[in-house]
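Notes for the structure review
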Amino acid sequence: MTEYERNPVRSRWRSFCPKCGIETDTFFENLCEACFRAGLTLLAPDRIAEEVRASVIVCPHCGGFFKGNERTDLEAVVEDAVRRAISKTHGPECPVEFREAEIAYDEAARSAHVCLRVQARIKDLDVVERAEFTVPVRRAICAQCSRIAGGYYAAIVQIRADWRTPTEEELEAAVELAYAVLSTEEFVTKQQLLKEGLDLYVSSAECGRRMAKAIVKHRGGNYFESRKLYGRRGGREVYRVTFLVRLPGYTVGDVIELAGKRIAVDKIVPGEGLEGVELQTGERYFVPLRDQKRAKRE
Ligand SMILES: [Zn+2]
Ligand SMILES: [Zn+2]
């Protein structure tokens, strides 16, 4: 028997992988097994991370992970994202098995370290891939916590100014300073803009104090702390603490606007008010403390 008779196709039409040139008669999407495997991706970390980031939150209040309003765990969310990504690329019937799945949430970094070893069956080949990557996790108060707490707060930071109303710019800066000192488990429940300033309702007295200190440190003025008995919890008295931040009042050199007049402040009369010159007419004015509150710094 000649070679030709035993295997006519093989001897006449020897086939090669178009990519690497190796001789083969088993093709996977027109490539040899090695080239086909080399071109496969099971785990696309960026895509998985993006999907996890979009679908899950961690609640800083209770520490739970949530998908919508449903409690879940990171393992389930990550595995789900991996399955979805694989079935998108390799077809919905592609079987996927997790050989290894280690997911460690790092609260300080607001992300999870993920270590996976996944096996899938693609075109009759068992493909195993391992990947290690980081996925960011969004923080948000879960629906349950906000419901149960119903606007929970332990302290109020009141931002005011001495004998005047804080400007919008000052309030914005103060809020920014306040948020900057929030630790991972602290939060602001409510932010209320008032005629005389702004109130921040915060989750703990410690965080309220830190906020007040930060504002005073950067913007001047001072703060006062007071507490009110709020109730008892487990035989312990529970207080709500108020931090009254007073930004400095007007100073010499300020130009204030009051009742259509622009007054350049040139003298502060402690306990009484301020004196200054109206810019258009050059007239001297005395503005008593009680009227100062209606004025605005230019
Ligand atoms: Zn090849
Ligand atoms: Zn929660």
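As the structure is a prediction and not an experimental result, all values here were calculated from the model. (Residues numbered from 1 in each chain as written. Chains lettered and ligands numbered in written order. Predicted model: local features only at pLDDT ≥ 70, side-chain atom pairs only at ≥ 80, totals over all residues. Heavy atoms only, no water.)

**Description of the sheet that holds strand β7 (residues 138–139)**
We apply this condition: The rule for pairing is simple: two strands pair if DSSP sees at least two bridges between them. Only runs of H or I of at least four residues qualify as helices and only runs of E of at least two qualify as strands under DSSP, and these elements are numbered from the N terminus. Contacts between residues were defined by any pair of non-hydrogen atoms, one from each residue, lying within 4.5 Å. All axes here are fitted lines through C-alpha atoms, helices being fitted over the stretch that makes contact, and every angle between N-to-C directions spans 0 to 180 degrees.
Taken together, four strands build an open sheet; the order of strands is β3-β2-β1-β7 and the sheet is mixed. Either end of the sheet is taken by a strand with one partner, and the two such strands are β3 (70–72) and β7. Sheet analysis places strand β1 (residues 57–58) next to β7, joined by two bridges and oriented parallel. Note that in β7 the partner of V58 across the bridge is R139. Helix-sheet contacts for helix α5 (residues 74–90) involve β2 (65–67) and β3, and the interaxial angle to β2 is about 40 degrees.

**Describing helix α8 (residues 205–219)**
Since the α-helix packs 3.6 residues into each turn, any two residues three or four apart lie on the same face. Convention followed: By this rule, a helix spans an expected 1.5 Å times one less than how many residues it contains. Partly exposed residues are those whose accessible area sits between 20% and 50% of the maximum for their type, while under 20% is buried and over 50% is exposed, using a 1.4 Å probe and protein chains only.
Helix length check: α8 (15 residues) gives 21 Å between terminal C-alpha atoms against 21 Å at 1.5 Å per residue, within 8%. Within α8, the full set of buried residues consists of A205, C207, G208, M211, A212, A214, I215 and V216. G220 sits one or two positions beyond α8 and adopts a positive phi of about 80 degrees.

**Quick look at the packing of helix α4 (residues 45–55) against α5**
Heads up, the condition is: Roughly parallel means an angle under 35 degrees; roughly antiparallel, over 145; roughly perpendicular, 65 to 115; everything else is oblique. A crossing counts as left-handed when the near helix is turned anticlockwise from the far one by less than a right angle, and as right-handed when that turn is clockwise.
Where α4 contacts α5, the two axes come as close as 9 Å, and the packing angle between them is 130 degrees. As summarised for this structure, α4 and α5 are arranged oblique, according to the angle between their axes. Seen along the crossing, α4 lies across α5 with a hand that is right-handed. Along the contact surface, α4 presents R47, I48, E51, V52 and S55, while α5 presents L74, V77, V78, A81, V82, R84, A85, K88 and T89.

**Here's the deal with the packing of aromatic side chains**
Where we set the bar: Only Phe, Tyr and Trp rings take part, Trp by its six-membered ring, and two of them pair if their centres are within 6.5 Å. Stacked means planes under 30 degrees apart, edge-to-face means over 60, and tilted covers everything else.
All chains considered together, the criterion is met by four aromatic pairs. A ring pair is formed by F28 and F36, whose centres lie 5.6 Å apart and whose planes are at 20 degrees; its orientation type is stacked. For the pair formed by F28 and F36, the shared burial category is buried. Look at Y153 and Y201: their rings are 4.7 Å apart centre to centre, the planes differ by 85 degrees, and that puts the pair in the edge-to-face class. Residue Y153 is located in the loop between α6 (143–149) and β8 (155–161), and its partner Y201 is located in strand β10 (residues 197–202); the two are separated by 48 residues in the primary sequence.

**Concerning the coordination of the zinc ion (ligand 1)**
Counted only if it meets this: Coordination partners: N, O, S within 2.8 Å of the metal, 3.2 Å for Na, K and Ca; water not considered, so apparent gaps in a site are possible. Under the classification used here, a metal with four donors is tetrahedral if each angle lies between 85 and 135 degrees, square planar if opposite donors are over 155 degrees apart and the others between 65 and 115, a six-donor metal meeting that same test is octahedral, and anything else is irregular.
On the protein side, the zinc ion (ligand 1) has C17 (SG), C20 (SG), C32 (SG) and C35 (SG) as donor atoms, found 2.3 Å from it. Of note is the zinc ion (ligand 1), whose four donor atoms meet at the metal with angles of 107 to 113 degrees in an arrangement that counts as tetrahedral. Sequence spacing of the donor residues for the zinc ion (ligand 1), all on one chain, is C-x2-C-x11-C-x2-C. Residue classification places C35 among the buried positions, given a relative accessible area of 12%.

**Remarks on the environment of F133**
Residue placement: F133 occurs in strand β6 (residues 125–136). Discounting chain neighbours no more than four positions away, the residues touching F133 are P45, I48, A112, H113, V114 and L116.

**Some remarks on helix α7 (residues 168–180)**
When the terminal C-alpha atoms of α7 are compared, their 18 Å separation across 13 residues agrees well with the 18 Å that a helix rising 1.5 Å per residue should span. Looking only at α7, the buried set comprises E170, L171, A173, A174, V175, L177 and A178.

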